[in-house]
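Structure at a glance
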Amino acid sequence: MAELKEADAAQLHQEDVDIKRADGGDASSAGDKAADQAEKTEGAADSDAKPSTTTSDRHISIQTKLEGLEVLVDLNGAGRKSCPLCPEEKFKACYSHKLRRHLQNLHWKVYVEFEGQMMCICHLPCRNLKPSLSGDQASGRHVAHYHCVVCSVTIARKTDMISHLKRHVNKGETEASYSGSSDVQYEEPAPSGQPYEIMKELGTNVQLLPNHTTPQKSDTYFNRKMKTNRQLVFCSLAVLAEERSPIECLDAFGATGIMGLQWAKHLRSAVKVTITDISDTCVKMIKENCELNNIRVDGGSRGPRGPEVATSEVEGTPIATVEVVKMDANVTMHLWPFDYIHLDPFGTAVNYLDAAFRNIRNLGIISVTSTDTSSLYSKSPNVTLRHYGCHIIRTEYYKELAARMVVDTVSRAAARCNKGIEVLLAVALEHFVLVVVRVLRGPTQADESTKKLRKLVHCQWCEERVFLKKGNMVDETLPCNCHGSMPGKTAVQLGPLWSGPLFNTGFLRRMLSAAVKHSMDDIQPLVKTLICESDCTTLKSLVHGSSALSNQVECGVVIKTLKSGEESGQAEQSGKRKSGEESGNVLKRMKCEASLDHPPFYYSIHRHSIRGMNMPKLNKFLQYLTEAGFRVSRTHFDPTGVRTDATLEQFKSVLTKYSVPTNTSVPQTSVSMDKTL
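Rules used in this analysis
Residues numbered from 1 in each chain as written. Predicted model: local features only at pLDDT ≥ 70, side-chain atom pairs only at ≥ 80, totals over all residues. Heavy atoms only, no water. Pairing = 2+ DSSP bridges. Helix = DSSP H or I, 4+ residues; strand = E, 2+ residues; numbered from the N terminus. Axes fitted to C-alpha atoms, helices over the stretch in contact; angles between N-to-C directions. Phe/Tyr/Trp six-rings, centres within 6.5 Å; stacked < 30°, edge-to-face > 60°. Buried < 20%, exposed > 50% of the residue type's maximum accessible area, 1.4 Å probe, protein only. Lys NZ or Arg CZ within 6 Å of the ring centre and 35° of its normal. pLDDT = per-residue confidence, 0-100. Contact = heavy atoms within 4.5 Å. UniProt positions renumbered as here; feature names shortened; annotations may be inferred. Parallel < 35°, antiparallel > 145°, perpendicular 65-115°, else oblique. Left-handed = near helix turned anticlockwise from the far one by under 90°. Nonpolar A, V, L, I, M, F, W, Y, C, P; charged D, E, K, R; others polar. Arc of directions from axis to C-beta. Polar contact = N/O pair within 3.5 Å; in protein donor to acceptor, adjacent residues only side chain to side chain. Salt bridge = Lys/Arg side-chain N within 4 Å of Asp/Glu carboxyl O.

Moving on to the sheet that holds strand S10 (residues 296–298). Across the sheet, eight strands lie side by side as S10-S11-S9-S8-S12-S13-S15-S14; this open sheet has mixed pairing. Looking at strand neighbours, the two that pair on one side only are S10 and strand S14 (419–428), the edges of this open sheet. Across the sheet, the axes of successive neighbouring strands diverge by a mean angle of 20 degrees, strand direction being ignored.

Another aspect to go through is the packing of aromatic side chains. One pass over the full model with this rule turns up 10 aromatic pairs. For the pair tryptophan 108 and tyrosine 111, a centre-to-centre distance of 5.0 Å together with 45 degrees between the ring planes defines the contact as tilted. Judged by relative accessible area, which is 28%, tyrosine 111 ranks as partly exposed. A ring pair is formed by tyrosine 603 and phenylalanine 651, whose centres lie 5.2 Å apart and whose planes are at 35 degrees; its orientation type is tilted. A residue pair is termed long-range when its members are at least 10 positions apart, and tyrosine 603 in strand S21 (residues 603–604) and phenylalanine 651 in helix H24 (residues 648–657) qualify at 48 residues. Neither tyrosine 603 nor phenylalanine 651 differs from the other in exposure class; each is buried. Feature note: the residues Tyr397, Phe467 and Phe601 constitute an aromatic cluster, connected by ring pairs. Lying over the aromatic face of tyrosine 398, arginine 394 brings its terminal NZ or CZ to 3.8 Å of the ring centre. Its guanidinium or amino end placed over the ring of phenylalanine 601, arginine 404 lies 5.1 Å from that ring's centre, counting from NZ or CZ.

A separate point is the confidence of the model for the protein chain. Scored by pLDDT, the protein chain comes out at a mean of 77, with 71% of its residues at no less than 70. Confidence over residues 132–140 falls short of pLDDT 50; this stretch has nine contacts with residues more than four positions distant or in other chains. Across residues 309–314 the pLDDT falls below 50, and counting only partners more than four positions away or on other chains, this stretch makes four contacts in the model.

Most of strand S9 (residues 271–277) is tucked away, with six of its seven residues classed as buried. Strand direction decides the pairing type here: S9 and strand S11 (residues 321–326), joined by five bridges, are parallel. Of the residues in S11, the one forming a bridge with isoleucine 275 is valine 324.

Turning our eyes to something else, we now look at the UniProt feature "domain: C2H2-type" (unreviewed entry) in the protein chain. Under the UniProt annotation, the feature "domain: C2H2-type" (unreviewed entry) is placed at residues 146–173. Here residues 146–173 is 50% helix and 14% strand, with 18 Å between the C-alpha atoms at its ends.

Attention shifts here to unusual backbone geometry. In this model, serine 245 is joined to proline 246 through a cis peptide bond whose omega is -5 degrees. Along the chain, proline 246 falls in the loop between helix H7 (227–243) and strand S8 (247–251). Here the amide bond leading from glycine 495 into proline 496 is cis, since omega sits at 10 degrees, within 30 degrees of zero. Summarising the element assignment, proline 496 is placed in strand S18 (residues 491–498). Phi at cysteine 536 is positive, roughly 55 degrees, even though this residue is not glycine.

Below, the discussion takes up the packing of H7 against helix H8 (residues 258–267). Running from N to C, H7 and H8 point in directions that differ by 40 degrees, and their axes come no closer than 11 Å. When the axes of H7 and H8 are compared, the pair comes out oblique. At the point where H7 passes H8, the crossing takes the right-handed sense. Here Asn229, Arg230, Val233, Phe234, Leu237 and Ala238 of H7 come into contact with H8, specifically with Ile258, Met259, Gln262, Trp263, His266 and Leu267. Each residue belonging to the contact of H7 with H8 can be placed in one class, and the counts come to eight nonpolar, three polar and one charged.

This part takes up the sheet that holds S18. The strand order across the open sheet formed by three strands is S17-S16-S18, and the pairing between neighbours is antiparallel. The two strands at the open ends of the sheet, each matched to only one other strand, are strand S17 (465–467) and S18. Recorded for the sheet is a direction-independent mean angle of 25 degrees between the axes of neighbouring strands. On top of the sheet, helix H14 (residues 398–415) reaches strand S16 (453–459), S17 and S18; it is set at about 50 degrees to S18, its chief contact.

Running from N to C, H7 and helix H18 (residues 505–517) point in directions that differ by 105 degrees, and their axes come no closer than 9 Å. Comparing their axes, H18 and H7 come out roughly perpendicular. Where H7 approaches H18, its residues Leu232, Cys235, Ser236, Ala238, Val239, Glu242 and Glu243 are matched on the opposing element by Phe507, Arg510, Met511, Ala514 and Ala515.

Listed as buried for helix H15 (residues 443–450) are Gln445, Ala446 and Ser449. An end-on view of H15 places all buried positions within 100 degrees of arc, on one side of the element.

With that out of the way, let us pick up the pairing of strand S24 (residues 641–644). Alternating positions in S24 separate into two faces, Gly641 and Arg643 on one and Val642 and Thr644 on the other, with burial throughout. The sheet contact formed by S21 and S24 spans two bridges and is antiparallel. Each bridged residue has a counterpart across the sheet, and for tyrosine 603 the counterpart in S24 is valine 642. Both strand S23 (residues 632–634) and S24 contribute to a ladder of three bridges, which runs antiparallel.

This brings us to the side chain of threonine 409. Checked against the element boundaries, threonine 409 lands in helix H14. The exposure class of threonine 409 is buried, given its relative accessible area of 9%. A distance of 3.1 Å separates a polar side-chain atom of threonine 409 from the backbone oxygen of methionine 405. Sequence-distant contacts of threonine 409, that is, excluding residues within four places in its chain, are made with Val350, Leu353 and Tyr388.

Applying the stated criterion across every chain, the model contains 16 salt bridges. Across the pair lysine 451 and glutamate 448 runs a salt bridge, and its minimum N-O distance is 4.0 Å. Lysine 451 sits in the exposed class, given a relative accessible area of 56%. We classify glutamate 448 as partly exposed; its relative accessible area is 32%. Residue arginine 509 is joined to aspartate 535 by a salt bridge in which the shortest nitrogen-to-oxygen separation is 3.3 Å. Placement of arginine 509 in helix H18 and of aspartate 535 in helix H19 (residues 524–535) is noted, with a sequence separation of 26 residues between them.

What follows is about the environment of threonine 154. Its place among the elements puts threonine 154 in strand S5 (residues 154–155). Each C-alpha atom of the pair threonine 154 and arginine 127 lies 7.3 Å from the other, and the pair is 27 residues apart in sequence.

Quick look at the structure:
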């Protein structure tokens, strides 16, 4: 056993020190003691070795400074000397200058620090032999490892040791308690035996493997930068849970299961959560995370669940129930219907859209997160054409271009299942593109959605853009005159893209209420920006003004508000299919509200700034555009972008009018000189 060998090595050094102290430096007797155990320690001490640590029970690879390693061997003496942390067959005896360089570059350089103690890498046979390719352990090799300063286990990887120490810190075990006779065994790091790191987000605890940030090496991939995405998805689900309850929701790619656990922990009986993953490691970790959060795990038989009982007050009673299924996401969505489906694969989600729309219930919601930013943001146009069937180029509005391209792909997948969509939310940030849509059943709704898929005409010279209408020539569609003044072809066709609105104001207002209710302070500024962007206004009173207190209708679902809660209580819907008269009224409302849609795309104020002129501040410029009679707002896609219904020529004219020349101080000096003369 590795621990017994390690204990023998520590005992050897202790006996060596005792003999030296008792005999007054009797080096020969100490050398005899070391020679008796040479086969076990492989050069752990020489005849004149001295311990360098204050704690004699600690392993010799744990030191406080580099001189501690050098004291293990008399580097000032003559002759060849062996490394105290390497066996003879790995590092042969050499002279002092070479041994000192070996201790610095191999052992000390890769140390792991913990409370002032440096755990250097050790090559002694403290661990079991690693089997060879043929499976013969005798012909294998020893594995380099670290000795934990707290619990004395041996760990091979540096990252695993760091995560192992973090686990000690989380448990409050911060003092070194090394015991050479410990019976605790450490298993080789494996998906089921690796040290975990406990992470807490939105009141939910999850266990993470040491390599959770490397998707190529870990099944349970977890990205801390996607916290904004998880909170936006949670708020959209909370809004749907207010409309009808209980709802069946699916987290199609569980990984650590944090998203589904957050749904179950905060929404409780309003949702019936199903988490699925194809990996055995992920399924096992999801179940462990459920136990960590006091959530009961359903067996996955997909039978009818009993009614949820509110037993959160009783200590030790599960607060919610989650169904964990080991199955492919496409198979899960084909077998069972859901009210809410979230797709967040590693990369593109186009391979799962057909299955998602196959069994989604009427007026259900599908949220799609795409992380293949290289193809979405025009860095790999060939991959974009292969996955999304769209032709795009790099533009100043490339993030909104990516969002409309994803919505276009979602709309075509819904139309293949005779379903239409209403876009509730589309967000494109640095690491992902999130699209949330509501599903409308029927071929009529599918036809209405497909009519909004159009080509985009883009001028490569001035970057003016407009959606192409049927029957129009390309160059005659653009309002700019670049095709007449510039030689050659200046316009290109991009797409097809979604030409409809990207936001639903009423849905965003209720998302803001859900964010405030669940104390999600991080996304509240983003949601407020989205509300202003959907209304194309800079008035922040629209977020909490009187308009937020009136009834709103979204696809036939009447939303209860503070202004008229009693009237809306009679019109609550439970997710059933609407009658023909009600669905017709919904279509009329949607047509009436079409004129209130926000203008597509935006202009960057820095991209169109004038050389030699100081442009006004962004907020001032928004005020100038509003005074000129245009609708205007800021956009989350670009911090310097301005969403407006003005053309590029009108945009530049207002910018030129209120820009100040850079060399304004020159005329003033000339005037002062004239006065003096």
